[in-house]
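# Descriptive analysis of the structure
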Amino acid sequence: MEIYFDNAATTRPCKEAVEAITRCLTETYGNPSSLHGVGLAAQLVMDEARKTIAGAIGASAEEILFTSGATESTAIALHGIAHTYGRHNRRIITTTVEHASVRETCNHLEEEGFEVVRIRPREDGKFDPADFVSAVNDKTCLLTMMLVNNETGTILPVEQVFRAVKRANPKIITHCDAVQGFLKLPFRVSGLQADLLSLSGHKIYAAKGIGALYIRKGVRVSPLIHGGKQEKGLRPGTESVPLIAGMGAAVRIHLPTIAERASAAAELRTYLLERLSSLDEITINSPADGLPYIVNFSVQGIRSEILLHFLEERGISVSSGSACSKGANSGVLGEFGVKPQLADSALRISFCHNNTKTEIDTLIEMIKIGQNTLHRAK
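In short, a report on the structure. (Residues numbered from 1 in each chain as written. Predicted model: local features only at pLDDT ≥ 70, side-chain atom pairs only at ≥ 80, totals over all residues. Heavy atoms only, no water.)

The next thing to look at is the packing of aromatic side chains. Using the criterion set out here, one finds three aromatic pairs in the structure. An angle of 85° between the planes, with centres 5.9 Å apart, marks the rings of Phe5 and Phe351 as edge-to-face. Of this pair, Phe5 sits in the loop between strand 1 (3–4) and helix 1 (15–26) while Phe351 sits in the loop between strand 12 (346–350) and helix 13 (357–376), and the two are 346 residues apart along the sequence. Assessed through its relative accessible area of 0%, Phe5 is described here as buried. A relative accessible area of 2% means that Phe351 is categorised as buried. With 6.5 Å between their ring centres and 55° between their planes, Phe182 and Phe187 make a pair best called tilted. A residue is classified by how much of its surface remains accessible, and Phe187, at 10% relative accessible area, is buried. (Phe/Tyr/Trp six-rings, centres within 6.5 Å; stacked < 30°, edge-to-face > 60°. Helix = DSSP H or I, 4+ residues; strand = E, 2+ residues; numbered from the N terminus. Buried < 20%, exposed > 50% of the residue type's maximum accessible area, 1.4 Å probe, protein only.)

The seven strands are arranged 2-8-7-6-5-3-4 in an open sheet whose pairing can be described as mixed. Edge positions in the sheet fall to strand 2 (64–67) and strand 4 (115–119), since each of these pairs with one other strand and no more. Across this sheet, the average inter-strand angle for adjacent strands is 20°, counted without regard to direction. Helix-sheet contacts for helix 2 (residues 37–56) involve strand 2 and strand 7 (196–200), and the interaxial angle to strand 2 is about 115°. Helix-sheet contacts for helix 3 (residues 70–85) involve strand 2, strand 3 (91–95), strand 5 (140–146), strand 6 (173–177), strand 7 and strand 8 (211–215), and the interaxial angle to strand 7 is about 160°. (Pairing = 2+ DSSP bridges. Axes fitted to C-alpha atoms, helices over the stretch in contact; angles between N-to-C directions. Contact = heavy atoms within 4.5 Å.)

Here it is as structure tokens:
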């Protein structure tokens, strides 16, 4: 038995992505920078994927930059904007609940002398655009804010915040980490008011090692590394055409079913919450209006790592939080008002459209057994 409830960490590549990758490895294997026919064929595959991904977020193909993943996309975005626009304007605004890729990059920029203002959620766990506007001054160059929190599923008010901040200072560049929202929530970059936006392939049923960065036309970004002219010189080095093709295929297949898959996830979420309510000492950490794909809850009195491995031994894969934290407490739950003891016993369930209620029944039964077994073992 294998039950996989860790889709926020990574997804299983879909058949279409695997087939696209295989075709490029065995047939369209040319270097897209080469001028002969084999190279041109690879270039055309890459162009088609770029067009598909751009269309999914309401962008144009020339605004899409391929990277090795969302962490690199975010690094290019934040460093690139800070070093282009931050010579005199050295204030950066972000939140206290960002993914490590944003959080650590902001820490590094702070060490370089940038001022980083970190906005916390209010007592109700929500962000108020007024707090961001209050942080804006004429020295602010960048605002970075995630669309969906990867640990709790909280949907952040990106559109409202970006619009309000741009009214306060139209020169501010906005970046959004949209990794957990892409192909789960319908959005357009114009609607979000995002100047840059990070995407990941392996969160949307493509392969690991591929991502994309949207850069609005007219926004100037300094490269992190230097070399060839690939990806407009912003990400030099021969592109991974197979992985790019796989990401394009995954987007093409899953874009039309956003509403259908979200409805299925909402049904699973409702069922999970109902079943959890039958257990003792359970606290739900995710908001009621969060992304339906993610449910974070605490099993009181049992540390996350212990229960996680108990479930793993029984063929059930869950998470204790962000995969990038390697099991360490990131502090994000605390920012959302979760008390330390509950944060230490938190589990994250993240669905895909292939999960079932029967799998949830098995999960609940194993948690119940775990509560009895692990409490007795103390």
